[in-house]
Structures are given as structure tokens and as C-alpha cells.
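Below, each chain spelled out in residue letters.
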Amino acid sequence: MTEAEQLLIPILNFLSCETPDSWIDEAKKKENLPIILRDHLACELKAGQTAMYLIRKYAVDKDSTNVLLEWFEPYEDFLYRKKGDLALLANKNNLSKAILPKSSNAQGKSPFSQNLIDKMVLLIKEELHHFYQVLEIMVKRDIPFDGITAGRYAKGMLKHVKTFEPDALVDKLIVGAFIEARSCERFAKLAPHLDDDLNKFYISLLRSEARHYQDYLTLAEQVAGKDINERIAYFAKVEAELISSPDEDFKFHSGSPI
Ligand SMILES: [Fe+2]
Ligand SMILES: [Fe+2]
């Protein structure tokens, strides 16, 4: 068994359905490569931002919030304000200071803060590195980034997130696990249909995405402090519906193309 196959066992177990062949057929078309790469680029930044919002909202002190915002600025400048380029981003993936948990309040420091920060900071670092790698590939292939709209996928899950704590955080972490797991599954399924360079790159992403999925799940269990299988099953159904139902907006996480 290859390493990729091994990494995929828990992922395929976790997801309720596999990517439909119709999506793969669409994604492997040469003319769709620019949209796949542009959306992939945006997804890497969104993955990092999601993790950043989570630690800002739930775990870090005020100084650390500013350090986090500073870290993202050049990437957001590039994606949203067309400022900067690959060369400028080359050595930007650094934190200027350590990210610290909020000082204790009346209830004391939440027991999961440090773990949430540690896992999310590592995840952000990796997503921003992936962002750089995707951009590098786009530049090499002369594929410009001229904007991309968000698909229905993440929104379609986030609208089911509970509105009270800690359930809201638990749900957000479960949704994070699904997005990472699905990305991992799609990279693996699409890789063999792409040219050598992209094939290698997509396979190289599997290891970190598989770990991200596991980290989100572990955090969700830790924060909940109780069995969350029912909630996981609920989101598995929502996610599978988004992946397998018809979707006219072709994207990296879209449903079955029409
Ligand atoms: Fe990534
Ligand atoms: Fe990831």
C-alpha cells in the first residue's frame, strides 16, 4: 500500500461519499486548470484565515491578535487588493512574536486554549506555505490571479453551526475537519489525472491535510468533552449532499457539475 492510500483510509471512513466521477471528469479538463488553481489558491488563504479567526475569537490575547493580522496582511493584500507578488511573499511566512493565550478571566484560562493555539498556528503556517506553492505554480504557468468567487460548500455547512457556546465552536471545528478531509480526498483523486508536476504537488499535500483533519477532530472532541458522533454524523450528511448534488458553479469543492 502506498503512503497516500494509507493516509486516505481514515479520511474515506470519515466522509460519507466519495467525489463523483463527473466532478473528476470536469476537473481534469485542461481548460479548467486555471479555475482549479485560482480556487485552490483562495482556499489555502481561507483555510488559514478560518484557523486565525478561531484562535482570535476563542484563545489569544490582544497583542497576539495584532501579530496574527500582520502575518496575514501580505497574503490578503495579494488576493484582495492585487498588491505584491511571488517574490514579495517569499519570506513573509513568519510570526514576529509568540502567540499567547488570553490571560485568565474569572473562570480561569480555558483548558483547550493552548492546544488550540498550538495546532492552529502550525496549520496556518502550512496553509500559507501551500498558498505560496500554488502561486508559484500559477506564475510558472502564466496563469494570472484575477479573482474568484466563493462556492456554496463552506457556507452550506457553516449555516448549520449552532449559535451558542461551546456547541458553536465544536461545530466550527467539525466543519473544519470535513473541509480538510474532503480536500485531502479530492487531491488524491485528481492527482493521477494531472501532469507530473501537479501530480507530485497534490500528493505532497495529502500528509498535511490528513493531519489538519485529525487536529480539528481532536480539538472538537476536547472542547466538547463528550461524545460528538451524532454531530459528526449530522455534518457528514450535509457535506455529502453538497458534494454529490448538482452544482452549476464549478469549483474545487463543488458538487456534481451540471
Ligand atoms: Fe492547505
Ligand atoms: Fe489544510
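Above: the structure in question.
Here's what I pulled together on the structure shown here. Here the residue index of a chain counts from 1 through its sequence in written order. Whichever chain is written first is A, and whichever ligand is written first is 1; the rest continue in order. It should be noted that, the model being predicted, local features are given only for residues of pLDDT at least 70 and side-chain atom pairs only at 80 or more, the latter also being counted only at that level, while totals for whole chains, interfaces and linings use all residues. Note that water and hydrogens are dropped before the side-chain values are worked out from all heavy atoms of the structure.

What follows covers the packing of helix H1 (residues 3-14) against helix H8 (residues 167-190). Direction vectors running N to C along H1 and H8 enclose 125 degrees, while the axes themselves pass 10 Å from each other. For the element pair H1 / H8, the angle class is oblique. Of the two possible hands of crossing, H1 and H8 adopt the one that is left-handed. Along the contact surface, H1 presents Leu 8, Ile 11, Leu 12 and Phe 14, while H8 presents Ala 177, Phe 178, Ala 181, Cys 184, Glu 185 and Ala 188. For this classification, Asp, Glu, Lys and Arg are treated as charged, while Ala, Val, Leu, Ile, Met, Phe, Trp, Tyr, Cys and Pro are nonpolar and the rest, including Gly, are polar. When the residues that make up the contact of H1 with H8 are grouped by side-chain class, the tally is nine nonpolar, no polar and one charged. Note on definitions: angles span 0 to 180 degrees between N-to-C directions of axes, and those axes are lines fitted to C-alpha atoms, for helices only across the stretch in contact. Note on conventions: DSSP H or I runs of at least 4 residues are helices, E runs of at least 2 residues are strands, and numbering of each starts at the N terminus. Orientation is classified from the angle alone, with under 35 degrees giving roughly parallel, over 145 giving roughly antiparallel, 65 to 115 giving roughly perpendicular, and any other angle giving oblique. Left-handed describes a crossing whose near helix is turned anticlockwise from the far helix through less than a right angle; right-handed describes the clockwise counterpart. Residues are treated as being in contact if the distance between any of their heavy atoms lies within 4.5 Å.

Right, let's talk about the coordination of the iron ion (ligand 2) for a bit. The coordination sphere of the iron ion (ligand 2), as far as protein atoms go, consists of Glu 127 (OE), Glu 180 (OE), Glu 180 (OE), Glu 209 (OE) and His 212 (ND1), spread over 1.9 to 2.7 Å. A donor here means any N, O or S atom no more than 2.8 Å from the metal (3.2 Å for Na, K and Ca); water is not included, so a site may seem to lack partners. Read in sequence order, the donor residues coordinating the iron ion (ligand 2) give the pattern E-x52-E-x28-E-x2-H. Between the iron ion (ligand 2) and the iron ion (ligand 1), a spacing of 3.6 Å is present, and a bridge between the two is formed by Glu 127. Linking Glu 127 in helix H6 (residues 113-140) with Glu 180 in helix H8, this pair joins segments that are 53 residues apart in sequence.

Quick look at the packing of aromatic side chains now. Think of a pair of aromatic rings as described by two things: how far the centres are apart, and how the planes are tilted against each other in angle. Put simply, two rings from Phe, Tyr or Trp (the six-membered ring, in Trp's case) pair if the centres are within 6.5 Å, and we call them stacked under 30 degrees between planes, edge-to-face over 60, tilted for the rest. For the structure on display, the rule yields 12 aromatic pairs. Taking 4.2 Å as the distance between ring centres and 25 degrees as the angle between the ring planes, the aromatic pair formed by Phe 14 and Phe 178 counts as stacked. Of this pair, Phe 14 sits in helix H1 while Phe 178 sits in helix H8, and the two are 164 residues apart along the sequence. Accessibility assignment for this pair places Phe 14 and Phe 178 in one class, buried. When a residue's accessible area, from a 1.4 Å probe over protein chains only, is under 20% of the maximum for its type it is buried; when over 50% it is exposed; and in between it is partly exposed.

For the rest of this paragraph, the subject is the layout of surface pockets. Roughly 730 Å³ of volume is contained in the largest pocket. Along the wall of the largest pocket there are 35 residues; nearest its centre are Lys 46, Ala 47, Thr 50, Ala 154 and Ile 179. Every element with two or more residues in the lining of the largest pocket is listed here: helix H3 (33-58), helix H7 (153-158), H8 and helix H9 (196-224). The rule is simple: put a 1 Å grid over the protein atoms alone, call a set of points where a 1.4 Å probe fits but cannot get out a cavity, call an open set with protein on both sides within 12 Å along at least five of seven lines a pocket, and count a residue as lining if it has an atom within 4 Å of a point. Grid points are joined across faces, edges and corners, and a volume is the space filled by probe spheres set on the points.

For this analysis, a salt bridge means a side-chain nitrogen from Lys or Arg found within 4 Å of a carboxyl oxygen belonging to Asp or Glu. Applying the stated criterion to the full structure yields 16 salt bridges. For Asp 77, the salt bridge goes to Arg 81, with nearest N and O atoms at 2.8 Å. Separated by four residues within a single helix, Asp 77 and Arg 81 lie in helix H4 (residues 62-81), roughly one turn from each other. Look at Asp 77 and you get buried, because its relative accessible area is 13%. Here Asp 197 and Lys 140 are joined by a salt bridge, their closest N and O atoms 3.7 Å apart. Here Lys 140 lies in helix H6 and Asp 197 lies in helix H9, a separation of 57 residues in the sequence. Here Asp 197 falls in the partly exposed class, since its relative accessible area comes to 45%. Assessed through its relative accessible area of 65%, Lys 140 is described here as exposed. Each member of the salt-bridge network shares a partner with another, and the members are Glu 18, Asp 21 and Lys 189.

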